[in-house]
Amino acid sequence: YNTKTNFPENFLWGASTSAYQVEGAVLEDGKSPSIIDMYEHPKDTAGFRIASDYYHRYKEDIQWFAKMGLKAYRFSIAWTRILPEGTGKINQPGVDYYKNIIAECRKYKIEPVVTMYHFDLPYCLEEQGGWNKRETVDAFVEYARVLFEIYGREVTYWLTINEQNTMILHPGAIGLPKGGTLPTKKELYQQNHHMMLAQARVMKLFHKMVRNGKIGPALNLTAMYPASCRPEDAIAAHNWVSIRCWNFADVPVFGTYHPLAFSYMKDRGIAPEILPGDMEILKDADPDFIAMNYYSTATIGASRNDSSDVAARAGDQQIMLGEQGVYRPEENPYVDKTKYGWVIDPVGFRYTLRKVYERYHLPILVTENGIGAPDILEDGKIHDDYRIDFLKKHLIQMKLAIADGVEMIGYCPWAAIDVVSTHQGYKKRYGFIYVDREEFDLKEMKRYPKDSFFWYQKVIAENGKSL
Ligand code: BG6
């Protein structure tokens, strides 16, 4: 390890949010409902409907971000604010809202990093078949054209689709259709193919429309360990990482499905229908960087070929569930877990960064990383030393990855401010800034900087030197 390695000049020290997890105001100023607004969620309180009320308080919040010293802020645009009918009529108040957010960021020299789609498909499109339909591919391209036309000159960094792999592998993670059932695997892989087509067309369009802009996919990427040196465990672990991670990043980068993942789909009769011309479209994607969300690693053993594979868990993270006959998550005795059962593995972060860079040779922007915890507000303070510890250990490992030769653009942990957790309601907090509300009692939603806020402020000010 080269101890002289520093973070690059202009490293994007950032933080992230997503529209539906912070904004609230789900039907305000012409916005139509997204699937998130219509689905059932395990912890549905005033959760997503009010969230952190950022829609009305973004100026104050971005001022806090500036105070923390953020160089970048990753947020998502809600498709339903821009095109409430999914396509067609543009909703001016929605357009202005994000213009104002971008202007606020620029005012404080914060680089906006825009996610175009973070789980929140317009519900009106879902009713017409959603991603099962090729019309949704056209709708996404139309939406992208509108975004590039309006914001293309003001935003350099763009992310297409957040965690496509989570949506396909664990569709229940973002909520359940009311009284409905989840799509079959066959349908999901068809939806995946359509999202891939949409993404590729949008990237091609982007490179034509946005000069000097940069665009990338934003996936949940995670290294894995074989449960032992048993060769069968190594095969299972390789199955896991191919099906769960590489299959989703290979398509935009190489323009092909991962061979092993494709045979897995074919063997099970769940491979997508690929029409003539589709593969040519996929070849056009050409991302400029890889954005990745990293929370945990997985430890994978050989399948026992019975239903216990599915029940086996490595922590509580849904995305780590097993699949009968393919792989089986195992406990890893060498790592800790969060209060919510998610594996904490900073060294696995370095390992994942190496693996991703070695495979794709594209610069990496970390768009999520963080620890969910039930923070406690006491006398106006939040002593979240566990978060400082988590982030510090991950940053040290990221620095090591840079020394290893990994090209990094920046680091945007989850989350800039408290947001509603996708799986566990408002109690599970991630932010540097505390929002004073409870699950049911919305209180005044006053903002308080947590101890981690001041710690991160210092890290940014010295460009990570003392890490
Ligand atoms: C990522 C999502 O999967 O994980 C975020 O992109 C989400 O939207 C984050 O909030 C953490 O998950 P959770 O369920 O703890 O909120």
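What this report covers is the structure whose coordinates are included nearby. (Residues numbered from 1 in each chain as written. Predicted model: local features only at pLDDT ≥ 70, side-chain atom pairs only at ≥ 80, totals over all residues. Heavy atoms only, no water.)

For the rest of this paragraph, the subject is the sheet that holds strand β9 (residues 328-329). Strands sit in the order β6-β8-β9 across an open sheet of 3 strands; the sheet is mixed. The sheet terminates laterally at β6 (224-226) and β9, the two strands that pair on one side only. Of the strand pairs in this sheet, strand β8 (residues 298-301) and β9 are connected by 2 bridges, and their pairing is antiparallel. Among the inter-strand pairings, Gly301 is bridged to a residue of β9, identified as Arg328. (Pairing = 2+ DSSP bridges. Helix = DSSP H or I, 4+ residues; strand = E, 2+ residues; numbered from the N terminus.)

So, about the sheet that holds strand β5 (residues 214-220). If you trace the 8 strands once around the closed barrel, you get β1-β2-β3-β4-β5-β7-β12-β13, paired in parallel fashion. Going from strand to strand, the sheet's axes swing by 30 degrees on average, the running direction of each strand aside. Relative to strand β4 (residues 157-162), strand β3 (residues 111-117) runs parallel, the two being bridged by 4 bridges. By the bridge assignment for β4, Tyr117 is matched with Ile161. Contacts from helix α10 (residues 185-209) reach β3, β4 and β5, with the element oriented near 155 degrees to β5. (Axes fitted to C-alpha atoms, helices over the stretch in contact; angles between N-to-C directions. Contact = heavy atoms within 4.5 Å.)

Running from N to C, helix α8 (residues 134-151) and α10 cross one another at 25 degrees; their axes reach a closest spacing of 9 Å. Regarding the angle of α8 to α10, the classification is roughly parallel. The interaxial crossing formed by α8 with α10 has right-handed handedness. From α8, Arg134, Val137, Asp138, Phe140, Val141, Ala144, Arg145, Phe148 and Glu149 reach across to α10, where they touch His193, His194, Leu197, Ala198, Arg201, Val202, Leu205, Phe206 and Met209. Residues that form the contact of α8 with α10 fall into these classes: 11 nonpolar, 2 polar and 5 charged. (Parallel < 35°, antiparallel > 145°, perpendicular 65-115°, else oblique. Left-handed = near helix turned anticlockwise from the far one by under 90°. Nonpolar A, V, L, I, M, F, W, Y, C, P; charged D, E, K, R; others polar.)

The terminal C-alpha atoms of helix α4 (residues 54-68), which comprises 15 residues, lie only 17 Å apart, well short of the 21 Å expected from a rise of 1.5 Å per residue. Its axis deflected by about 40 degrees at Glu60, α4 carries its strongest bend there. The complete set of buried residues in α4 reads Tyr54, Tyr55, Tyr58, Asp61, Ile62, Trp64, Phe65 and Met68. Gly69 occupies a position one or two residues after α4 and carries a positive phi of about 95 degrees. (Expected span 1.5 Å × (residues − 1). Bend = angle between axes of the 7 residues up to and from the residue. Buried < 20%, exposed > 50% of the residue type's maximum accessible area, 1.4 Å probe, protein only.)

The subject of this paragraph is the side chain of Glu163. Position of Glu163 relative to the elements: it lies in the loop between β4 and α9 (164-169). A distance of 3.2 Å separates the side chain of Glu163 from the side chain of Asn220, its partner in a polar contact. Every residue in contact with Glu163, bar those within four places of it in the chain, is listed here: Phe119, Ala218, Leu219, Asn220, Asn293, Tyr295 and Glu368. (Polar contact = N/O pair within 3.5 Å; in protein donor to acceptor, adjacent residues only side chain to side chain.)

This part is about the site of the ligand. Around the ligand, the surrounding shell holds 15 residues, and the nearest of these are Glu163, Thr422, His423, Lys428 and Tyr430. Between Glu163 and the ligand, the recorded distance is 2.6 Å, taken from a side-chain N or O atom to an oxygen atom. The contact in question runs from an oxygen atom of the ligand to an N or O atom on the side chain of Lys428, over 2.5 Å. When the ligand sits alone it has 370 Å² of accessible area, and the protein chains cover 97% of it. A breakdown of the residues in the shell around the ligand according to their chemical character gives 5 nonpolar, 7 polar and 3 charged. (Near = heavy atom within 4 Å. Areas by Shrake-Rupley, 256 points an atom, 1.4 Å probe, with all protein chains shown as cover.)

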